[in-house]
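The primary structure of each chain is shown beneath.
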Amino acid sequence: MLATWLLFIVVLVVCFVGVDADFMALFSEGARSNMGRILGEMARPDWSYASHIWKPMVETVQIAIAGTIIGSVLAVPVALLCAVNIMPKKIVSIPARMVLNLVRTVPDLLFAAIFVAVFGIGAFAGMLALVFFSFGLVAKLTYEAIEAIDPGPLEAMTASGANKIQLIVFGVIPQALPYFFSYVLYTFEVNVRAAAVLGFVGAGGIGLHLDQQLNSLRYDRASTIILLTLVIVLLIDYASTYLRRKLL
């Protein structure tokens, strides 16, 4: 146990040195002055600006909904190909997992920047970015859930002569479906937050307005955007938690 803690401390110190961590800078006069000024402006939100951001706020939620649904639907067949209890042939499951790992390696912001360069500034690029992000996340979680299902029903169906399609429809889906819906809801929560940030690279939504206000040093308007985004996220989080409890 002592060796583990020593190793943890050594790794922590090496990381601090590697990122040039300077905790004294947090308490310098310049940092305290700037932080006080920014927090002071953000503590007085410009509520008159709220009427200008409802439309992009709705657009942000729409981007998250479309990206989540399309990506989750595309994730289902890939998850089945990755699950070794459904697809024991490694010549199929290993390449499928490699493609999935490749998609999950690329951050959603990079996807958004690429699609903005291809399709131009707008919500479509943000939706495509979240399609790929949702696809990678849902497929990963779903195939792990499929591999953890009870093998008993599958063995009984195989013994009675069921084919692969029947195994999936009557043996896999009933067990994995509640978890799949739970993962989709979780991904939607994440995507709402992500969609609010994708605007920083021109992918539409409320993030574009937040970036503009921060660049203009209008921290009072930025505070309004952040607070309204917080309200939307909390409502979605509560509804999603309630639905997940019902499903599981």
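Here's what I pulled together on the structure shown here. (Residues numbered from 1 in each chain as written. Predicted model: local features only at pLDDT ≥ 70, side-chain atom pairs only at ≥ 80, totals over all residues. Heavy atoms only, no water.)

## Quick notes on the layout of surface pockets
Thinking step 1. For the largest pocket, the calculated volume is near 160 Å³.
Thinking step 2. Secondary structure elements with two or more residues in the lining of the largest pocket: helix H3 (54-82), helix H6 (123-147) and helix H8 (164-198).
Thinking step 3. Its residues assigned to classes, the lining of the largest pocket shows nine nonpolar, one polar and no charged. (1 Å grid on protein atoms, 1.4 Å probe; cavity = no way out; pocket = protein on both sides within 12 Å on 5 of 7 lines; lining within 4 Å. Points joined across faces, edges and corners; volume = space filled by probe spheres on them. Helix = DSSP H or I, 4+ residues; strand = E, 2+ residues; numbered from the N terminus. Nonpolar A, V, L, I, M, F, W, Y, C, P; charged D, E, K, R; others polar.)

## Topic: the packing of aromatic side chains
Thinking step 1. This structure, assessed with the given rule, holds seven aromatic pairs.
Thinking step 2. Ring geometry for Trp5 versus Phe8: centroids 5.9 Å apart, planes at 90 degrees, classification edge-to-face. Of this pair, Trp5 and Phe8 both sit in helix H1 (residues 2-18), three residues apart, which is roughly one turn of the helix.
Thinking step 3. The exposure class of Trp5 is partly exposed, given its relative accessible area of 49%.
Thinking step 4. Given a relative accessible area of 48%, Phe8 falls into the partly exposed group.
Thinking step 5. Ring geometry for Phe119 and Phe124: centres 5.2 Å apart, planes at 80 degrees, overall edge-to-face.
Thinking step 6. The exposure class of Phe119 is partly exposed, given its relative accessible area of 48%.
Thinking step 7. Owing to a relative accessible area of 45%, Phe124 belongs among the partly exposed residues under this scheme. (Phe/Tyr/Trp six-rings, centres within 6.5 Å; stacked < 30°, edge-to-face > 60°. Buried < 20%, exposed > 50% of the residue type's maximum accessible area, 1.4 Å probe, protein only.)

## Some details on the packing of helix H4 (residues 90-105) against H6
Thinking step 1. The interhelical angle for the contact between H4 and H6, taken along N-to-C directions, is 135 degrees, at an axis separation of 8 Å. It follows that H4 is oblique to H6 by the angle criterion. Between H4 and H6 lies a crossing of left-handed hand. Of the residues in H6, those touching H4 at Arg97, Leu100, Val103 and Arg104 are Phe132, Phe135, Gly136, Leu137, Ala139, Lys140, Tyr143 and Glu147. (Axes fitted to C-alpha atoms, helices over the stretch in contact; angles between N-to-C directions. Parallel < 35°, antiparallel > 145°, perpendicular 65-115°, else oblique. Left-handed = near helix turned anticlockwise from the far one by under 90°. Contact = heavy atoms within 4.5 Å.)

## What about helix H7 (residues 151-159)?
Thinking step 1. Of the residues flanking the start of H7, the one acting as N-cap is Asp150, its side-chain oxygen 3.1 Å from the backbone nitrogen of Gly152.
Thinking step 2. After H7 finishes, the residue Gly161 shows a positive phi value of roughly 95 degrees. (Polar contact = N/O pair within 3.5 Å; in protein donor to acceptor, adjacent residues only side chain to side chain.)

## Details of the packing of H3 against H6
Thinking step 1. The contact between H3 and H6 brings their axes to 5 Å, and the two run at 40 degrees. One way to sum up the angle between H3 and H6 is to call them oblique. Considering the relative orientation of H3 and H6, their crossing is right-handed.
Thinking step 2. Of the residues assigned to the contact of H3 with H6, the class counts are 19 nonpolar, seven polar and two charged.

## Here's the deal with a nonpolar patch on the surface
Thinking step 1. On the surface, a cluster of nonpolar side chains totalling about 1,300 Å² of accessible area is made up of Met1, Leu2, Trp5, Leu6, Phe8, Ile9, Leu12, Val13, Phe16, Val17, Val19 and Phe23.
Thinking step 2. As for its position among the elements, Val17 is in helix H1. (Patch = residues over 30% accessible without salt bridge, like charges linked within 9 Å, V, L, I, M, F, W, Y side chains within 5 Å. Areas by Shrake-Rupley, 256 points an atom, 1.4 Å probe, with all protein chains shown as cover. Salt bridge = Lys/Arg side-chain N within 4 Å of Asp/Glu carboxyl O.)

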